[in-house]
Amino acid sequence: MTGRAAAFRALHHGRAAGDPLVLPGPWDAASARSFVRAGFPALATPSQGIALALGYEDGETPAEEMFAAVARIVAAVDVPVTADVEDGYGLPPRELVARLREAGAVGCNLEDSARGAGRVDAGRQAAWLAAVREAAGDGLFVNARIDSYLRPPPPGSPGPLADAVERARRYAAAGADCVYPIKAPPEDLRAIADAVDVPVNALCAPERSPADLGRAGAARVTFGGALAFRTLATVDDLAHELRTR
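The structure presented is a predicted model; accordingly, all values stated were derived computationally and were not measured. (Residues numbered from 1 in each chain as written. Predicted model: local features only at pLDDT ≥ 70, side-chain atom pairs only at ≥ 80, totals over all residues. Heavy atoms only, no water.)

So, the sheet that holds strand E9 (residues 201-203)
Operational definition: We treat two strands as partners when DSSP finds at least two bridges between them. Numbered from the N terminus, helices here are DSSP runs of H or I no shorter than four residues, and strands are runs of E no shorter than two.
Strand order across the open sheet formed by three strands is E1-E10-E9, with parallel pairing between neighbours. Two strands in the sheet have a free side with no partner beyond their single neighbour: strand E1 (21-22) and E9.

Quick look at the structure:
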């Protein structure tokens, strides 16, 4: 696994402006195979897309089912797969790392919002990420999600950009391989990228292109559950067509 994680890590570095690492988000084995057939060198499972496929609301998928879904996707393809495991499901760092390795994932997304508890204190989150890094060594790519734009700081606090920069610095110092200020506007990505010495992951909204986000400062681009929802919309159209024939 260490060799696969190293190869996956290398994909994030040395990217030209406008050429970020684009990681589609498969929600099952079939979609994973489609993305690999199209030539993508790696994949990033989205917790929202998997929740949709399994019949759960976003954030409500039981840990056992999430790890099982990731394992099925990993087994279906021959490229590295990193997994969105939300807030880690309350697992101790060593157990979390063991579960990811058992599923075959080369990396993970870990967010700084906790189920039902809002944002996690930045220092506490950094300490937890450091514990995950210690448990994993170099054998796991850790992408630290920053929810400053998803759940902005309260009035009177520094704005989302200042909060994101502070958290990005803390998480990178704790050993994160990448920081992910989800929903950060393109005009803020450069300031975040300049503040840390690790790659920045950007969420690609429908009106954006990966190349635009790369030019704005992102080294990696993901889509969350958007690709699963776009596919479901196509299924809805097909269902309507069949019903009205």
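With respect to the layout of surface pockets
Inclusion rule: Residues are called lining when one of their atoms sits within 4 Å of a cavity or pocket point, these points coming from a 1 Å grid over the protein atoms alone, where a cavity is a set in which a 1.4 Å probe fits but cannot get out and a pocket is an open set with protein on both sides within 12 Å along at least five of seven lines. Grid points are joined across faces, edges and corners, and a volume is the space filled by probe spheres set on the points. Each residue gets one of three labels, nonpolar for Ala, Val, Leu, Ile, Met, Phe, Trp, Tyr, Cys and Pro, charged for Asp, Glu, Lys and Arg, and polar for the others, Gly among them.
What the largest pocket holds in volume is close to 690 Å³. Forming the boundary of the largest pocket are 37 residues, of which Gln 48, Asp 58, Arg 145, Leu 150 and Ile 182 lie nearest the centre. Only strand E2 (43-45), helix H3 (47-54), strand E3 (81-84), strand E4 (107-111), strand E5 (113-114) and strand E10 (220-222) provide two or more residues apiece to the lining of the largest pocket. Among the elements that take part in the lining of the largest pocket, E3 stands out by supplying three residues, more than any other. For the lining of the largest pocket, the per-class residue count stands at 13 nonpolar, 13 polar and eleven charged. Considering only enclosed or pocket space, the second largest pocket measures out at about 180 Å³ in volume.

Observations regarding unusual backbone geometry
As a reminder of what qualifies: Burial classes follow relative accessibility: with a 1.4 Å probe on protein chains only, a residue under 20% of its type's maximum area counts as buried, one over 50% as exposed, and anything between as partly exposed.
For Tyr 89, which is not glycine, the phi torsion reads 60° and is therefore positive. For Tyr 89, a relative accessible area of 16% translates into the label buried. In the Ramachandran plot, Lys 183 falls in the positive-phi region, its phi being about 70° despite a non-glycine side chain. Here Lys 183 shows up in the loop between strand E8 (178-181) and helix H8 (186-195).

Considering the pattern of salt bridges
The line we're drawing: The working definition used for a salt bridge is a side-chain nitrogen of Lys or Arg within 4 Å of a carboxyl oxygen of Asp or Glu.
This model, assessed by the stated rule, comprises 14 salt bridges. Note that Arg 145 and Glu 111 form a salt bridge whose closest N and O atoms lie 3.4 Å from each other. Residue Arg 145 is located in strand E7 (residues 141-146), and its partner Glu 111 is located in strand E4; the two are separated by 34 residues in the primary sequence. A single burial state applies to Arg 145 and to Glu 111, both of which are buried. A salt bridge links Asp 163 to Arg 119, with the shortest nitrogen-to-oxygen separation between them at 3.6 Å. Placement of Asp 163 in helix H7 (residues 160-173) and of Arg 119 in strand E6 (residues 118-119) is noted, with a sequence separation of 44 residues between them. We classify Asp 163 as buried; its relative accessible area is 17%.

Things to note about the nonpolar core
Generally speaking, nonpolar side chains in soluble globular proteins are found buried as a group. Quick reminder of the rule: By nonpolar core we mean a set of buried residues, namely Ala, Val, Leu, Ile, Met, Phe, Trp, Tyr and Cys, connected to one another through side-chain atoms within 4.5 Å.
Membership of the largest hydrophobic core comes to 62 residues, with the highest contact counts inside it found for Val 85, Leu 96, Leu 100 and Leu 110. With seven residues, helix H4 (residues 63-76) is the single largest residue contributor to this core. Listed in part, the eight residues of the second largest apolar core include Leu 21, Leu 23, Ala 44 and Cys 178.

Focus: the sheet that holds E3
Our working definition: Interaxial angle, 0 to 180 degrees, is taken between N-to-C directions of lines fitted to C-alpha atoms, where a helix line uses only the stretch in contact.
The sheet built from five strands is open, its strands ordered E2-E3-E4-E7-E8 with parallel pairing. Single-partner strands in this sheet number two, and they are E2 and E8. Each strand of the sheet is rotated relative to its neighbour by a mean of 20°, with strand direction disregarded. Sheet topology note: the E4/E7 ladder contains five bridges and is parallel. By the bridge assignment, Gly 107 is partnered in E7 with Phe 141.

A word on the environment of Glu 65
Worth spelling out the cut-off: Every residue pair with non-hydrogen atoms within 4.5 Å of one another is taken to be in contact.
With respect to the helices, strands and loops of the structure, Glu 65 is situated in helix H4. Looking at Glu 65, the relative accessible area reads 29%, which means it is partly exposed. Here the alpha-carbon distance between Glu 65 and Leu 54, two residues eleven residues apart in the chain, equals 8.4 Å. Residue contacts for Glu 65: discarding those within four places in its chain leaves Leu 54 and Tyr 56.

Things to note about the pairing of E4
How we decide: When the strands point away from the viewer, a crossover counts as right-handed if the path from the first strand over the helix to the second runs clockwise.
Where burial is concerned, most of E4 is hidden: five out of the five residues are buried. Of the two faces of E4, the one lined by Gly 107, Asn 109 and Glu 111 and the one lined by Cys 108 and Leu 110 are each fully buried. In terms of strand pairing, E3 meets E4 through three bridges, oriented parallel. Counterpart to Thr 82 in the pairing with E4 is Gly 107. Handedness of the crossover joining E3 and E4 through helix H5 (residues 93-103) is recorded here as right-handed.

So, H7
Heads up, the rule is: How far a helix is expected to stretch is found by multiplying one less than its residue total by 1.5 Å.
A rise of 1.5 Å per residue sets the reference length of H7, with its 14 residues, at 20 Å; its end C-alpha atoms lie 20 Å apart and thus fit the reference within 8%. Listing the buried residues of H7 in full gives Asp 163, Ala 164, Val 165, Arg 167, Ala 168, Tyr 171 and Ala 172. Buried residues along H7 sit in contact with E6, helix H6 (122-136), E7, E8 and H8. Looking one or two places after H7, you find Gly 175, whose phi comes out positive at around 115°.

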